[in-house]
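So you can see what is in the structure, the chains are spelled out below.
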Amino acid sequence: MSDKPRSFQEIILRLQTYWAAKGCAILQPYDMEVGAGTFHPATTLRALGTNHWAAAYVQPSRRPTDGRYGENPNRLQHYYQYQVLIKPSPPDLQELYLGSLKAIGIDATIHDIRFVEDDWESPTLGAWGLGWEVWCDGMEVSQFTYFQQVGGHDCKPVSGELTYGLERLAMYVRGVDHVMDMPFNDPDAPIALKYGDVFRQTEQEYSRWNFDVADTDVLLQHFLDAEAECQRILDAPATDPKTGKQIIMAHPAYDQCIKASHVFNLLDARGVISVTERQAYIGRVRALAKACADAFVQTEAGGAAA
Amino acid sequence: MPDLLIELFSEEIPARMQSKAAEDLRKLVTDGLVEAGLTYAGAAAFSTPRRLALSVEGLTAESKAVREERRGPKVGAPEKAVEGFLRGAGVAMEDLEIRDDKKGQVYFAVIEKPGRTAAEIVAEVLEKTIRNFPWPKSMRWGTGTLKWVRPLHSIICLLVDEAGAEVVPLDIDGISSGATTRGHRFLAPDAFSVASFDDYEAKLKRAKVILRADERAEVIWNDATNQAFALGLEVVEDKGLLAEVAGLVEWPVVLIGQIGEDFLGLPPEVLQTSMKEHQKFFSVKKPKTGRIERFVTVANMETADHGATILAGNQKVLSARLSDAKFFWENDLRVAKAGMEPWLESLGNVTFHNKLGSQKDRIERIAALAREIAPSVGADPDLAEQAAKVAKADLSSEMVYEFPELQGLMGRYYAEAAGLPAEIAAACQEHYSPLGPSDDVPTAPVSVAVALADKIDTLTGFWAIDEKPTGSKDPFALRRAALGVIRLVLENDIGFGLLQFLIRAFFPHVKTRDGVGDERGPSLRQQYSNATGIDEETLFSLELDEARKKLPNPEDLTSRIDAWIDQLRSDPASDPNVIKDLLSFFHDRLKVFLRDKGIRHDIIDACIAMPGNDDLTLLVKRAEALAETLATDDGENLIQGFKRANNILTQAEEKDGVEYSYGADIKFAEEQAEEDLFAALDAAEAKITPAMQAEDFGAAMSAMAALRGPIDAFFTDVQVNADSEILRRNRLNLLSRIRNICLSVADLTKIEG
C-alpha cells in the first residue's frame, strides 16, 4: 500500500499529527528515565483530580532486564512508547483509536483487529484499570485502558489511556523481522539510517552496564536518597516562606519517586534483589507514588479549588 | 401476551465472562418480572463480544391488582406506635379504618396495589438489573458513575405484541433505551432498528453477527475440521479453547496456516501450548503420526484478499513465538544432555515454603523417602532415588518457566535427552499424578515410589509446621495429596503400613523444627528420642541413617523404630500425636473416597478401629468384605445378635465388676441350643483364625455370619441370667466368646442400626 509510512519516524510523526488533529496537546518526552509512558507526570498525575486533560507524547522507556545486547529481534532495554491520555474518556475512544491505526497505514478492512481482555495493574504506582490489549492479525499492537485508580485514588472522571509500543508496531507496518533493520528515517534519504545505526551500539553498552557493571552499592544509596528526598519534599510546609504562597511540590517529589523506581529496575537487572525483597521494594516505591498522588490532588492542577 | 427483547450493547466483553453474564441477565430479569407479578412462557439469553441479549416470550401484559389488609395498633395506642404503623403500611391517618375486635377498636390499613403494565415493570427490573449486575470485575468510564464490564453504549428494550413493537422507555445515566443496535464493528458498523427477537437475530446475521455462541462454536469447529480434512489432517480437540474463541468473534472466519519447517521438531505439546496460550490457535495434526503440522486461527473479519494478509500476519507472530520456544528448547536440551546439574543447583534458590526449605531440600527428602518406599512397591531403590533426584529438575528449565503447565512433561523429554533410563524419564512426568479425581494413577513402580514420596513429604511437612487444611481452606492442596496417596496405594493394590513411612518422612521435618508435637502428649522430638533410645540432641544432629551407626548394634535402631511402629499400629486408640493425626486425616479422606463408592461410613469406622489400619489396601478389603456380609440377611441379623450379646455382657460386667473371659465350659450346657452354639463357635473359630491370618476377610466374615442361626436360637431358647450362678457365669463367658470372635473381624460396635 502506498499509504504505508516509510520509516520509524514517519509513524511517530503521523501519530503526532493525528492526535494533534483530535485535540490533544502534543507534549514532549519527560526528561527522566522511566519504565513506561505511564510514568510521565502527564499521565500518572494528570489522571488524578477533576480537571479535564488531553495529551499525547512519545516517551523513551527503559527496562534494564530486557537488554539483549541488540541481538534479539524485538527485545530492547531502551525503546519508545507512544502515549495518549484523555480525561474524561470520550465515548468514541475506540473509534478514535482505530482512526489512529488507519493513519499509520493499518487498514481495518484487510486486517483482523481485536480487543482482547487485558486488565492493567501497576503495583509500583498503586494503579489499575480495565481494558484490552489490541490485536492486529494476532499481534499485540497497543494497550487500551480505562484508569480506575492511580496512587490509591479513585479516578473521577475516568481517563482513557492508549499505549503503543512503537518499535513493534513499526516493524509490523514495515514488515521488518529484526528491529535493528528497520528504517529510522526515509530509506531514500541521502543519509539513510536504520534503527540499528542509531541504537545497536547503545543497546550493547547499556546491556553490559545494566547486567554487569552498574555499582550496586551506589544504586542502593541512590534509592535511599531518592526515597528520603521524596519524603522531605512532601513534608515541607505547604506555604512557601519566601513568596508567602501555597506551593505544594508534588512534581519535584514525584521526580524522586520516578528515580527510585528506575534505580529499583537497575538493581533488579543486576540480580541483587531476592524474590522476597522485590515485593518490599515495590511496596516502598508505591508508598512514594501514593504520597505524591495525595499531594497532587491538593494542588490546582490536581483539581483543588484555586 | 407480549414478548420482550433486551440488548445491552457495549465495548468488548472479556470472552471468559460472556456466558455467565448472559445467564445472569436471564435469571435476574425473569426473577424480577416474576417477583413483580408477571409470568412468562420461556426465556433465552445470548452473548457476543459486544452484546448481551435476552428474549422473553409470552409475558403477561400486566400484573394483577393486589388488595392487602394490615391490622394495626389499638385505637388510643401511643402516637409513636400509630406513626410507625402508618410508615410501614405507607398510608395516611385518614386512610385507616377502625374496626371492632375482640379486645376493642383496632386500626386497619387497606392497601390497594393497582395492577401495573409490563412496560412499567420491565423498565424497573431492567434498571435494577443493570445497576446491580454481578460482573466479576466492573468499571466506570468518562464522567459517569454507572458500572459495567466495559463502557455500555446502548440498550434495546422492546415489548412486542400483535399491535407491534414498543420501546420500553428507560434512561440509565444518559443511556436511553431504543430499538436500534449495530452490526459487526468493521463489516456492518451502521445502526439499524429491530421489531422483534426474530427480526433482531436475522438482521444481526445480515450485519455479520452470529448471535448464538454455540452456533459460532459450531461454525468454527465445522470449518476447521473440514479444512483440515481436505489436507488429510485433523484438528486437535480443545473444548475450552473453542468456547473462548467463540467469545472473541462475532463473525468467525476460519483460516488454516503453516508452521515453519524449523519448528516442527519441537515436542507437540510445546507447539500446542505455545499456540494456544499466546495466540488462541488450534493445533492441526497428522492423524497417523500425531505430529502437529498446521494451525487454525479464527479471525473476526472477511476481507477482499480472503484472509491472506491476516494469515500472513498471524504466521509471522507465530514464528516469533516459536523462535522463543525453540530457543528455550535448545538451551534446555544442552543443560539436560550435560546432566542437569545447574538446574538442580538453582533449585536451592527456589523456596518451596519458608518453613520447609528450598525445592532442593525437598528433593533430597523425597529421594531418601522414595528409596525407602521402593521395595514395598516393587521398584528398584537406586532407580527410585535417582528418579526423585531429577524429577523436578525441569522446574528450572526455560521452557517450564515460560509454560508452567508443561512441568513434568518437559522433565520427561529432558531426562530422555540426558540418557537416563526410561523408568526415570517416566517418573519425571508421572510423579505429579494423580492430580485430580479423574487423573490417571501411575502404575510403573518407580513412578509410584516417587509419587508416593512426593506426596508424603508434602503432607508430613505441612503437618509438622501445623498448616493443616481447615474448612474450605486448603491452600496447599493437602486433601488432594492425601487422596493421591490413597489412590496410588489402592489402584496398584499395594499392601504396606503407612506409619513406617510417615515416621521416616516426619523425621527430617522434626529435625529442622523444634517442639513439633501435641499439647496432649510429648513432642514428636521426645517421642523419636524415647523410641530410639538416643537423646534428642544427638539424634537430631544426625540423619536417621547415621543414627543407626551410633548405636552399639545398628540393627537396634531399626528394631526400636519397628517396635514403635508396631505399638502405634496395634492400638488404634493409643497415644495421640502428630503422626497419628495425619493418619486419621488419611482415614477421613478414605471415608470420603469410599462413600463415593457406596460404602457406609460406619462400616469404614468399624474397620478403622482395628489394628493395622495404616495398611489402606487391607483396610479397604476388610471394609468391602464387611459391607458385603452386612448386605446379606445373615449378616444383618448377626449384628443384632452380636449387639444383644454385647449389651447383656457389658451390663453384667459392669454390675459384677469382672470381665467374663475365662472361657465357657460345655459341660455346663443344659439346652440343645446352648450346645449347638458351643459347636458353632468352635467351628467358626477354626475357620476365622486361619482366614484372618491369610487376610481372607470374605471367608472370615462368612464364617462369622454363619453364627447368626445358632446365636438366634440361643437367645430364643436360653435364658442367660439363670438362677444358678454357675450357669449364668458360664453363659456370660459364652457370650464373651461371641464378642471376641466377632470383634476379631471388625469393631462391630461401630455399626449403626
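Residues numbered from 1 in each chain as written. Chains lettered and ligands numbered in written order. Predicted model: local features only at pLDDT ≥ 70, side-chain atom pairs only at ≥ 80, totals over all residues. Heavy atoms only, no water.

Looking only at helices and strands, one finds eight helices and nine strands in chain A. The C-alpha radius of gyration of chain A comes to 20 Å, within 12% of the 19 Å expected for a compact globule of 306 residues. Overall size of chain A, expressed as C-alpha extent along the three principal axes, is 60 × 50 × 40 Å. Taken across its 306 residues, chain A has 53% of its residues classed as buried. Sequence-distant contacts in chain A: of pairs separated by 6 or more residues, those separated by 24 or more amount to 67%. Accessible area of chain A: about 13,000 Å², with a carbon and sulfur share of 51%. Placing the 27 positive and 40 negative side-chain charges of chain A at their respective mean positions leaves the two points 2 Å apart. (Helix = DSSP H or I, 4+ residues; strand = E, 2+ residues; numbered from the N terminus. Rg over C-alpha atoms; globule rule 2.2 N^0.38 Å. Buried < 20%, exposed > 50% of the residue type's maximum accessible area, 1.4 Å probe, protein only. Contact = heavy atoms within 4.5 Å. Areas by Shrake-Rupley, 256 points an atom, 1.4 Å probe, with all protein chains shown as cover. Lys, Arg positive; Asp, Glu negative; His and termini not counted. Charge placed at Lys NZ, Arg CZ, Asp CG, Glu CD.)

Residue and element names in this part refer to chain B. Strand order in the open sheet formed by four strands is E13-E15-E16-E14, and the pairing between neighbours is antiparallel. Of all strands in the sheet, those with a lone pairing partner are strand E13 (234-235) and strand E14 (253-258), marking the two edges. Looking at chain direction, strand E15 (residues 282-285) and strand E16 (residues 292-299) are connected through four bridges and run antiparallel. The partner of Ser283 across the bridge, within E16, is Phe295. (Pairing = 2+ DSSP bridges.)

Time to look at helix H4 (residues 197-206) of chain B. Turning to H4(B), its buried residues number three or more, namely B:Phe197, B:Asp199, B:Tyr200, B:Glu201 and B:Leu204. Remark: B:Lys208 follows H4(B) within two positions and exhibits a positive phi of approximately 65°.

Bringing the packing of aromatic side chains into the picture now. As enumerated under the stated definition, the model contains 38 aromatic pairs over all chains in all. Note on B:Trp329 and B:Tyr413: the rings are 5.8 Å apart at their centroids and 90° apart in plane angle, and the pair reads as edge-to-face. Separated by 84 residues along the polypeptide, B:Trp329 in helix H8 (residues 308-337) and B:Tyr413 in helix H13 (residues 409-417) bring together distant segments of the chain. Here the aromatic cluster, defined as three or more aromatic residues joined through ring pairs, consists of A:Tyr82, A:Tyr97, A:Phe115, A:Trp132, A:Phe144, A:Tyr146 and A:Tyr164. Over the ring of A:Tyr206 we find A:Arg62, and its NZ or CZ is 5.0 Å from the ring centre. Across the ring face of B:Phe108, the terminal group of B:Arg99 is positioned such that the distance to the ring centre comes to 4.4 Å. (Phe/Tyr/Trp six-rings, centres within 6.5 Å; stacked < 30°, edge-to-face > 60°. Lys NZ or Arg CZ within 6 Å of the ring centre and 35° of its normal.)

This part takes up the domain arrangement of chain A. All names here are of chain A. Here the domain parsing of chain A yields domain 1 (8-208) and domain 2 (215-296). Computed from C-alpha atoms alone, the centre-to-centre distance between domain 1 and domain 2 is 25 Å. Each partner contributes to the interface: domain 1 provides 21 residues, whereas domain 2 provides 20 residues. Taking both sides of the interface into account, the surface hidden between domain 1 and domain 2 amounts to around 1,800 Å²; carbon and sulfur atoms contribute 72%. (Domains from an automatic or database assignment. Buried area = accessible area lost by both parts, 1.4 Å probe.)

This part takes up the sheet that holds strand E5 (residues 97-101) of chain B. Residue and element names in this part refer to chain B. Judged by pairing direction, the sheet is antiparallel, and its three strands sit side by side in the order E4-E6-E5 without closing on themselves. The strands lining the two open edges of the sheet, one partner per strand, are strand E4 (66-74) and E5. The mean angle between the axes of side-by-side strands here comes to 35°, regardless of whether they run parallel or antiparallel. Judged from the five bridges that link them, E5 and strand E6 (residues 104-113) form a sheet pairing that is antiparallel. Each bridged residue has a counterpart across the sheet, and for Arg99 the counterpart in E6 is Val106. (Axes fitted to C-alpha atoms, helices over the stretch in contact; angles between N-to-C directions.)

Before going further, it helps to examine the interface of chain B and chain A. On the chain A side, the residues contacting the 35 residues of chain B number 36 residues. Interface of chain B and chain A: buried area, both sides summed, is about 3,000 Å²; carbon and sulfur atoms make up 54% of it. When the buried surface of chain B facing chain A is broken down by residue, B:Arg140, B:Arg150 and B:Phe186 rank first, second and third, together holding 21% of it. Of the charged contacts, one joins A:Glu117 and B:Arg16 as a salt bridge, the two residues approaching to 2.6 Å between their closest N and O atoms. Counting across the interface, chain B meets chain A through 20 residue pairs in polar contact (both at pLDDT 80 or more). Broken down by secondary-structure element, the contributors of at least two residues to the side of chain B that touches chain A are helix H1 (15-35), helix H7 (268-279), E16 and H8 of chain B. (Salt bridge = Lys/Arg side-chain N within 4 Å of Asp/Glu carboxyl O. Polar contact = N/O pair within 3.5 Å; in protein donor to acceptor, adjacent residues only side chain to side chain.)

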